[in-house]
Amino acid sequence: MATETTAKPRERAPKIHRVRIGLNVLVQIAILLFLAVMVNYLGFEHYRRWDLSRDKKYALSDKSKRFLESVKGKMRITVFFGNNNPIGQDVQNLLTEYQYAAKGKIDVENIDPERSLSRAKEVFDKYKVVSDESLLIVDYDGRNKTVKASEMAEVDQGNPMLGEQPRVSAFKGEQAITSAMIDLVEGRKNTIGYVLGHKEPSIEDAPPTMSSPMTPEPGVRSPISVLKTFIENENIKVEPLNFFDVPAIPAEMKTIMIVGPQYDFSDREMQLLREFWEKQGRILVLLDPAAKTPKLTAFLNELGVRVNDNRLMAMIKTGIQEVMRVRDVIGKFLPDSPITKRLAGVQAPFLGGTSSLTLAPAEQLRAANIRLQPLAEAEKGYWGEADYNSDDETILEFTPGRDQDAPLNFAVAVEKGGSADERVQANSSRMVVVANSTFVQDNALTQDQQGLDFISGSVNWLLNREQLIGIAPKVSRTLTFSLDDGALRNLRWLILVLMPLIPAAIGTAVWWQRRA
C-alpha cells in the first residue's frame, strides 16, 4: 500500500530590520554623547570645592567672596615665585580659590623668573618692577599693585646656632591680596580722621634714637599700630586730625575716630563735632571709662546713649573653693546689626575697664529719627559695679538696686536718618560707641582677631561698605594634645590591654567556629 507524504512548507526567516537597528545604535550613541557632554558641562559650570583641612588654610573669608561678587571687570594676576620660595605652593592654592570664587573674572599667569627670563623681563618693564623679591602683580582697569612675599607671610627665622631653619609662622596671603584688589577696584582711598589733642594713643611711631655707639635704634611703636595697619589694608587712609588746627572737619574725611580721649572736648570742638554729625558724618567713639569727658558723654546722651558710671565685673572660679574677681570682660556679639551679623554668638575679650551703656527707648527717639542697635553685651555672670573704686571686698559684690544687672550692653550703633531697611540705601548720620578703648591696643589684641573683626565691621558700616564686613581668616595653629595623668593612664590601658584583646577575641571566635 502506497502512502502519500506532503512536505511542510519551509518557515520564512524573520526579516532583519537593519535600518531600525542602525537607528537604535545611533540613538544610543547620541544619548551617550549627550550624557557625556552634560556631565562635563555640569562639572565645569556648577562644580563645588570643599576645604576639609583642619585650619581652613585656603578657604576664603566671607569678606573676600562678597568683594569678588561686586567686581565688574576683569582682573589679571601675574605671579613671580621661584621654586624654592617656602610659600609658593600656598600662594598657588590660594589663587585657585580666588579664581573659583570670582567665576571667570580673574586670570592668573605664573612666570618662573629663573626659567622664563624674556617673559619676566617683558612684564617687569611693563609694570616697572625693581624688586628681586618673589611677588605677584594685580592688574585691574589699567591700574596695578604689587604684593610682595614678605607681605603675605610672617617668617620665624629660628635659631641658626641650633641648626633651626626659618619657617612660616603665619600665612597672610588673603589679607594682602584682597587689600590690593580693593585698592585697585575702588581707585581712591577712603580717608578717616584720627582725632588728637586729648591725650589719645598716638598713631605714629616715635622717631629713631641714637644709642651710645652712634647706631640708630627704632623708636617706640604706636600702641595701636596693629589696628592702623589692619584698617589701612582695607584701602583706608588714616590721617591725624586736631580740631584746634582746622576751621571745620575736612570734607574728604567722611568718618572720624575718637579713641580713648583722656581730657574733655572744648565748646568749640563740640560745636565742630555736632556740625559734622548733622551733615551726615560718621563717627567711631571708643571711650575710656576712667577718663572724665562730661561734654562728650552729654552729646552721646542727646542721641539716646547714656554712659553709666560703673565697671563691669564678674566672679570666676579658680579652684574647688577659690573664686577671683575679674574686670576684663568677655563680651558676646549680637546678631541684629549688619556690623555684627557675621560675628553673632562669637565671644571676644575686652581687656581693661569697661562700663555699661543704657539705651533710650525707641519711642523716645522716634521724633528725632534716631535708631539705636546694641552690638555687644557682657556674658552671663557680669554685673555693673557702682562702687568700683572701693577697696572693701564685701562692697565689690552685686547689690540689687545699686548695681546694674544683665543685660549689660557696652557697644551700640547709632543712626540718624536713612532707612531701617538694609536693602534701602539712604544718606544718614552714623556712629558706633564702645565703652572700652583698651581692647584695640597692640598688647590687648588676641590672635583670633575678634576685636579687629569688630572694628573692621564698624568702620566698613560707617563707610557704607557693608559688602566688605566679614570675618578675617584665622591664623594657622599647630595641632597639640595635652594629656593629664588620668588621660595617660587610660591611654596606657587602651594600648596594653584593649588593643591586644581585639585580635585575640577575633581569633578565638574563628577557632571556635572551625572547631564546631
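Refer to the structure presented above.
Predicted model only: the values in this text are computed from it and were never measured.

## As for the overall build of the chain
The helix and strand tally for the chain stands at 11 helices and 22 strands. By residue count, 38% of the 516 residues in the chain fall in the buried class. Considering only intrachain contacts with a sequence separation of at least 6, the fraction spanning at least 24 residues in the chain is 70%. Approximately 30,900 Å² of the chain is accessible, and the part contributed by carbon and sulfur atoms is 55%.

## Quick look at the packing of aromatic side chains
Per the stated rule, a full pass over the model turns up eight aromatic pairs. Aromatic pair Phe80 and Phe124: ring centres 4.7 Å apart, planes at 45 degrees, arrangement tilted. In this pair, Phe80 sits in strand β1 (residues 75–80) while Phe124 sits in helix α4 (residues 117–127), placing the two residues 44 residues apart along the sequence. The buried category is assigned to Phe80, whose relative accessible area is 2%. On the basis of relative accessible area, Phe124 is assigned to the partly exposed category, the value being 22%. For the pair Phe333 and Phe454, a centre-to-centre distance of 5.2 Å together with 35 degrees between the ring planes defines the contact as tilted.

## Thoughts on the nonpolar core
Grouped together as the largest cluster of nonpolar side chains are 41 residues, with contacts concentrated most on Phe454 and Ile455. Among the elements that line this core, the one with the most residues is helix α10 (residues 450–462), at six residues. Beyond its immediate stretch of four places on either side in the chain, Ile455 contacts Leu227, Ile231, Leu284, Leu286, Phe439 and Val440. Core analysis: the second largest hydrophobic core is formed by 32 residues, Leu272, Ile283, Leu303 and Ala435 among them.

## Some words on the environment of Leu445
Mapped onto the elements of the fold, Leu445 is located in the loop between β22 (428–434) and α10. C-alpha separation for the pair Leu445 and Leu227, spaced 218 residues apart in sequence, amounts to 9.0 Å. Apart from the residues lying within four places of it in its own chain, the contact partners of Leu445 are Val226, Phe439, Val440 and Leu452.

## Notes on the pattern of salt bridges
On inspection of all chains with the given rule, the structure shows 20 salt bridges. In this structure, the salt-bridge partner of Lys295 is Asp267, at a minimum N-O distance of 2.8 Å. On the criterion of sequence distance, the pair formed by Lys295 in helix α8 (residues 294–302) and Asp267 in helix α7 (residues 267–278) is long-range, its members being 28 residues apart. Using a relative accessible area of 35% as the deciding quantity, one classes Lys295 as partly exposed. The network of salt bridges with shared partners includes Arg76, Glu109, Arg119 and Glu122.

## Observations regarding the pairing of β1
By the criterion of burial, β1 is predominantly enclosed, with five of the six residues buried. As defined by bridge partners, β1 adjoins strand β3 (residues 135–140) across six bridges and the pair is classed as antiparallel. Counterpart to Met75 in the pairing with β3 is Tyr140. Strand direction decides the pairing type here: β1 and strand β2 (residues 106–111), joined by six bridges, are parallel. Following the sheet pairing, Phe80 is matched in β2 by Ile111.

So, how was this worked out
- Residue numbers here run from 1 along each chain, matching the order of that chain's written sequence.
- For this predicted model, a pLDDT threshold of at least 70 governs which residues receive local features, and a threshold of 80 or more governs which side-chain atom pairs are given and counted, while totals over whole chains, interfaces and linings are taken from all residues.
- Note that water and hydrogens are dropped before the side-chain values are worked out from all heavy atoms of the structure.
- Where helices and strands are cited, they refer to DSSP runs of H or I of at least four residues and of E of at least two residues respectively, numbered from the N terminus.
- Exposed residues in this analysis have more than 50% of their type's maximum accessible area, buried residues have under 20%, and partly exposed residues fall in between, with area computed by a 1.4 Å probe over protein chains only.
- When checking whether two residues touch, look at their non-hydrogen atoms; a contact exists if any pair is within 4.5 Å.
- The Shrake-Rupley method, run with a 1.4 Å probe sphere, supplies the accessible areas, and residue values consider only the shown protein chains as cover.
- Working definition: rings of Phe, Tyr and Trp (its six-membered ring) pair if their centres are within 6.5 Å, and the pair is stacked with planes under 30 degrees apart, edge-to-face with planes over 60 apart, and tilted otherwise.
- Definition used in this section: a nonpolar core is a set of buried Ala, Val, Leu, Ile, Met, Phe, Trp, Tyr and Cys residues joined via side-chain atoms within 4.5 Å.
- Within this document, salt bridges are pairs made up of a side-chain nitrogen of Lys or Arg and a carboxyl oxygen of Asp or Glu, the two lying within 4 Å of each other.
- Pairing between strands is defined by DSSP: at least two bridges between the two strands are required.

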